[in-house]
Amino acid sequence: MRFIRLGLLAAIGSGLVTSALPAQLGYQVYAVQYAQLPAFPVSALVLGADTTRTKDVSMMVWVLRSPTRTILVDAGFYRDEFLKSWKVEKFVRPSAAIAKLDIKPEQVTDVIITHLHWDHADGADLFPNANVWVQRAEYEHYQAPERQQRTGVFPVTMAMLEKFKRAGRLKLVEGDSQAVAPGVRVYTGGRHTHESQYVSVATGGSEAIIASDNLYLYENLERRRPIAATWDTVSNLRAQERMLRLAGPRRLIVPGHDPAVFEKFTLIEPGIAIIR
Ligand SMILES: [Zn+2]
């Protein structure tokens, strides 16, 4: 690491700084918890799990940071309608949760929304300057009012996306394996929603995979069990296999709601782990 830093300084000294540098060096990647849902049934997360098991699940956003970009993967939630309808503990607004990393909301350059469920998309308008990336098929599917509400995608979220669109900040991703920024690529995932996506990011050593709800828990991956909320099991298992291939031997894979993320990776603050 030190060698790489010296290399960067040498490059700056010799005037060889290029836009490729962040990709070469890789991103710092963080998992940031902004809330917990207590005693959540594991059988709602892992298909076929014992129906008596419960777990306090983490509600997270993920930060990808390079010298030139501050990218959020998912934006959490903050609106009262969601806070009232769920039993939520340890809640702080996602924008306040990332302040512990010295990130101001206006410094976030991009928000990659993995899917349009309320707990992943609602907070996107906390970040006033960010471009907001969603799969085009996901966005277009949920524009139909009859496909909202009971599916976990809410009218308030779609109205927010319309505002982003009018402001020129909505960036629609055209399918699988698309670069969103140097060193950051999105892949279409399993059918947790109409067209979910997950994120691969260069950390400097290997790729980290931000799976979001394509994996709820490590248990899904370890037992090769589909997530419980999927339109079909095959697409989810296929996405899991691909994530393993993309991640390689270091297996820097971060599921959407597993509190074990904060045990597996190094804590730099309570509720903030660095993925490396
Ligand atoms: Zn979801």
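Structure's up top.
Residues numbered from 1 in each chain as written. Predicted model: local features only at pLDDT ≥ 70, side-chain atom pairs only at ≥ 80, totals over all residues.

**What to know about the sheet that holds strand 7 (residues 178-181)**
Basically, it comes down to this: Any two strands are treated as partners once DSSP identifies two or more bridges connecting them. Only DSSP runs of H or I covering at least 4 residues are called helices, and only runs of E covering at least 2 are called strands; the numbering of each starts at the N terminus. Between the N-to-C directions of two axes lies an angle of 0 to 180 degrees, each axis being a line fitted to C-alpha atoms and, for a helix, fitted only over the stretch in contact. Each residue is represented by a C-beta atom placed from its backbone, and any two residues with such atoms within 7 Å are regarded as in contact.
Ordered in space as 7-8-9-10-11, the five strands form an open sheet in which the pairing is mixed. Lying at the two open borders of the sheet, with one neighbouring strand each, are strand 7 and strand 11 (252-255). With direction set aside, neighbouring strand axes in the sheet form an average angle of 25°. Strand contacts of helix 9 (residues 233-247): strand 8 (184-188), strand 9 (197-202), strand 10 (207-212) and strand 11, with the helix running at about 160° to strand 10, the strand carrying the most contacts.

**Observations regarding unusual backbone geometry**
Filter applied, for reference: Each residue is classified by how many other C-beta atoms fall within 10 Å of its C-beta atom, where C-beta atoms are placed from the backbone; a count of 20 or more means buried, 12 or fewer means exposed, and values in between mean partly exposed.
For D74, which is not glycine, the phi torsion reads 65° and is therefore positive. Tracing the backbone shows D74 in the loop between strand 3 (70-73) and helix 3 (80-85). Look at D74 and you get buried, because 27 C-beta atoms sit within 10 Å. Unlike most non-glycine residues, D102 shows phi in positive territory, near 60°.

**Quick word on the environment of L217**
Take L217: it is sitting in the loop between strand 10 and helix 8 (218-222). Accessibility expressed as a C-beta count within 10 Å gives 24 for L217, which makes it buried. Linking L217 and Q36, residues 181 residues apart in sequence, is a C-alpha distance of 14 Å. Once residues within four sequence positions are removed from consideration, L217 is found in contact with L45, V46, P255, H257 and D258.

**Observations concerning the sheet that holds strand 2 (residues 54-65)**
An order of 6-5-4-3-2-1-13-12 is seen for the eight strands of this open sheet, with the pairing classed as mixed. Each edge of the sheet is formed by a strand with only one pairing partner; in this case those strands are strand 6 (170-173) and strand 12 (266-269). Across this sheet, the average inter-strand angle for adjacent strands is 30°, counted without regard to direction. As defined by bridge partners, strand 1 (residues 28-41) adjoins strand 2 across eleven bridges and the pair is classed as antiparallel.

**Regarding the environment of R53**
Mapped onto the elements, R53 comes out in the loop between strand 1 and strand 2. Exposure remark for R53: the 13 C-beta atoms within 10 Å place this residue in the partly exposed category. Separated by twelve residues in the primary sequence, R53 and P41 have C-alpha atoms spaced 6.0 Å apart. Among residues more than four places away in sequence, those in contact with R53 are V42 and S43.

**Section: helix 9**
The test is simple: Expected span, for any helix, means 1.5 Å times one less than how many residues it has. Throughout, the arc means that of the directions going from the helix axis to the C-beta atoms.
The end-to-end C-alpha distance of helix 9, which contains 15 residues, comes to 21 Å, matching closely the 21 Å that a straight helix rising 1.5 Å per residue would cover. Residues of helix 9 that are buried: N236, A239, Q240 and M243. Looking straight down helix 9, one finds its buried side chains confined to an arc of 100°; they lie on one side. Of the exposed residues in helix 9, the ones pointing more than 90 degrees away from its buried face are V234, E241 and R245. On the buried face of helix 9, the contacting elements are strand 9, strand 10, helix 8 and strand 11. Once helix 9 ends, the next one or two residues include G248, with phi positive near 70°.

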